[in-house]
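Residues per chain are reported as follows:
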Amino acid sequence: MKKKSKIVFFGNEKLATGLASVKPIIQDAIVAAGFEIEQVVTGPLTDLKPHTAKLAVLAAYGHIVPESIMDEFPLGIINIHPSLLPKYRGSTPIEAAILAGDSKTGVSIMCLTAAMDEGPIYKQKSIQLSGKETKEELANTLQNLGAEMLKEVLPAIDAGTLKPRQQSHPDRDASYCKKISREDGRIGWTKQAEQIEREIRAYAGWPGSHTTLGQVEVIIMKAHFVPSDFGSLGEINVEDEIGVLMIQAKDGYLCIDALKPVGKKEMPVKAFLNGYKSRLGTQAV
């Protein structure tokens, strides 16, 4: 029986999805492709122990890998990046695709280089977006896609029969994601309602889309928008008999479907109105 090639895995699969718990899908794919995982590095690079692996895989690692570490792997470090490079280089490509209202995104299997997400590509696959995906849902979809792609390419990379190609038109097509802070989750009611709805999906989990309704600080979990040009920005409109809570944004209402008072559980709008209507006031800030 042929001896299995060893691989070092750099990454934290929980970070890849934003979920509290997750199966080790990428690690399972490495094993399914016929490899042995020699060690897993989730923390700083000082956790990397002496190894015999010629190849490494990286996904959602969260640390900069210097060339000295890359040089330890003669066949390179393979990075699973959840965008169609050179679009959305950086650490938040999933959020970026949702925020932009993109109709498609995908996964790039690439060779890690010193420059951020500029390495040559072994394989790319795209998926269509419905415009309703949350960050967690899209991350999970792309993680599964990346795992399947990894199973396809790893044996060929290990055998030296698959060579990467340079990214297409990087000077013309490259774009970079911005880092996301907690303050990004504060809803600005001067924005278009459609953009706020995208933010709610992109910031689901963390930092969350938060606002103050009268005396109540809430995180909006689900919402949809309705075109409208009536009312003042941030104006709260309630129809509690039918469970409707709408807030005026630019060019439309944001109609809230589910929300979470800070420190409480998520609840549908009708249940929220039953308990909090008297504290809502007339303006969201």
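What you see is a predicted model, and the numbers here were worked out from it, not measured in a lab. (Residues numbered from 1 in each chain as written. Predicted model: local features only at pLDDT ≥ 70, side-chain atom pairs only at ≥ 80, totals over all residues. Heavy atoms only, no water.)

Caption draft 1: Up close: the environment of Lys163. Mapped onto the elements, Lys163 comes out in the loop between helix 5 (135-159) and helix 6 (170-173). A relative accessible area of 62% places Lys163 in the exposed class. Residues Lys163 and Asp240, 77 residues apart in the sequence, show an inter-C-alpha distance of 61 Å. Within the structure, Lys163 has its side chain in polar contact with the backbone oxygen of Gly160 (distance 3.4 Å). (Helix = DSSP H or I, 4+ residues; strand = E, 2+ residues; numbered from the N terminus. Buried < 20%, exposed > 50% of the residue type's maximum accessible area, 1.4 Å probe, protein only. Polar contact = N/O pair within 3.5 Å; in protein donor to acceptor, adjacent residues only side chain to side chain.)

Caption draft 2: Up close: the nonpolar core. Counting 35 residues, the largest nonpolar core has Ile30, Val57 and Leu154 as its most contacted members. For this core, the elements supplying multiple residues, two or more each, are strand 1 (6-11), helix 2 (25-32), strand 3 (55-59), strand 4 (77-81), helix 4 (93-99), strand 5 (104-111), strand 6 (121-128) and helix 5. Residues in contact with Leu154, not counting those within four places in the same chain, are Ile7, Ile30, Ala33, Phe35, Leu55 and Val57. Grouped together as the second largest cluster of nonpolar side chains are 24 residues, Ile187, Ile236, Ile256 and Leu280 included. (Core = buried A, V, L, I, M, F, W, Y, C linked by side-chain atoms within 4.5 Å. Contact = heavy atoms within 4.5 Å.)

Caption draft 3: Looking closely at the packing of aromatic side chains. Throughout the structure, instances matching the rule amount to three aromatic pairs. Here the aromatic rings of Phe10 and Tyr61 are separated by 5.5 Å at their centres, their planes lie at 70 degrees, and the arrangement is edge-to-face. Of this pair, Phe10 sits in strand 1 while Tyr61 sits in the loop between strand 3 and helix 3 (67-70), placing them 51 residues apart in sequence. The exposure class of Phe10 is buried, given its relative accessible area of 0%. By relative accessible area, Tyr61 is classed as buried at 3%. A ring pair is formed by Phe10 and Phe73, whose centres lie 6.1 Å apart and whose planes are at 85 degrees; its orientation type is edge-to-face. Note that Phe10 is positioned in strand 1 and Phe73 in the loop between helix 3 and strand 4, a separation of 63 residues in sequence. Ring pairing ties together the aromatic residues Phe10, Tyr61 and Phe73, which thus form one cluster. (Phe/Tyr/Trp six-rings, centres within 6.5 Å; stacked < 30°, edge-to-face > 60°.)

Caption draft 4: Main features of the sheet that holds strand 1. The strand order across the open sheet built from six strands is 2-1-3-4-5-6, with neighbouring strands paired in mixed fashion. The open sheet has two edge strands with one neighbour each: strand 2 (36-41) and strand 6. On average, each strand axis in the sheet is inclined to that of its neighbour by 20 degrees, with strand direction left out of account. Bridge count for strand 1 against strand 3 is five bridges, and the pairing is parallel. For Gly11, the partnering residue across the bridge sits in strand 3 and is Ala59. Sitting on the sheet, helix 5 is in contact with strand 1, strand 3, strand 4, strand 5 and strand 6, with an inclination near 150 degrees to strand 6. (Pairing = 2+ DSSP bridges. Axes fitted to C-alpha atoms, helices over the stretch in contact; angles between N-to-C directions.)

Caption draft 5: Summary view of the pairing of strand 8 (residues 216-227). Of the pairings in the sheet, the one linking strand 7 (residues 209-213) to strand 8 comprises five bridges and is antiparallel in character. Counterpart to His210 in the pairing with strand 8 is Ile219. Linking strand 7 back to strand 8 in an antiparallel pair, the connection comprises two residues, with Gly214 at a positive phi of about 65 degrees. Judged from the nine bridges that link them, strand 8 and strand 11 (residues 252-261) form a sheet pairing that is antiparallel. Bridge pairing in strand 11 links Ile220 to Leu259.

Caption draft 6: Structural context of the pattern of salt bridges. Under the criterion given, the structure shown has 13 salt bridges. In this structure, Lys135 engages Glu95 in a salt bridge whose closest nitrogen and oxygen atoms are separated by 4.0 Å. Within this pair, whereas Lys135 is found in helix 5, its partner Glu95 is found in helix 4, the two being separated by 40 residues in sequence. Judged on exposure class, the residue Lys135 and its partner Glu95 are both buried. With its nearest N and O atoms 3.0 Å apart, the salt bridge here joins Glu217 to Arg186. With Glu217 in strand 8 and Arg186 in the loop between helix 6 and helix 7 (193-202), this pair connects stretches of sequence that are 31 residues apart. The partly exposed category is assigned to Glu217, whose relative accessible area is 25%. (Salt bridge = Lys/Arg side-chain N within 4 Å of Asp/Glu carboxyl O.)

Caption draft 7: Examining helix 8 (residues 269-276) more closely. Those residues of helix 8 that fall on the buried side of the exposure criterion are Val269, Phe272, Leu273 and Tyr276. Along the axis of helix 8, the buried positions cluster into a sector of 100 degrees, meaning they face one direction only. Away from the buried face of helix 8 by more than 90 degrees, exposed residues Asn274 and Gly275 are located. Tucked into the core, helix 8 has its buried residues touching strand 7, strand 8, strand 9 (236-239), strand 10 (244-249), strand 11 and strand 12 (267-268). (Arc of directions from axis to C-beta.)

In short, shape yes, function no, at least from these values alone.
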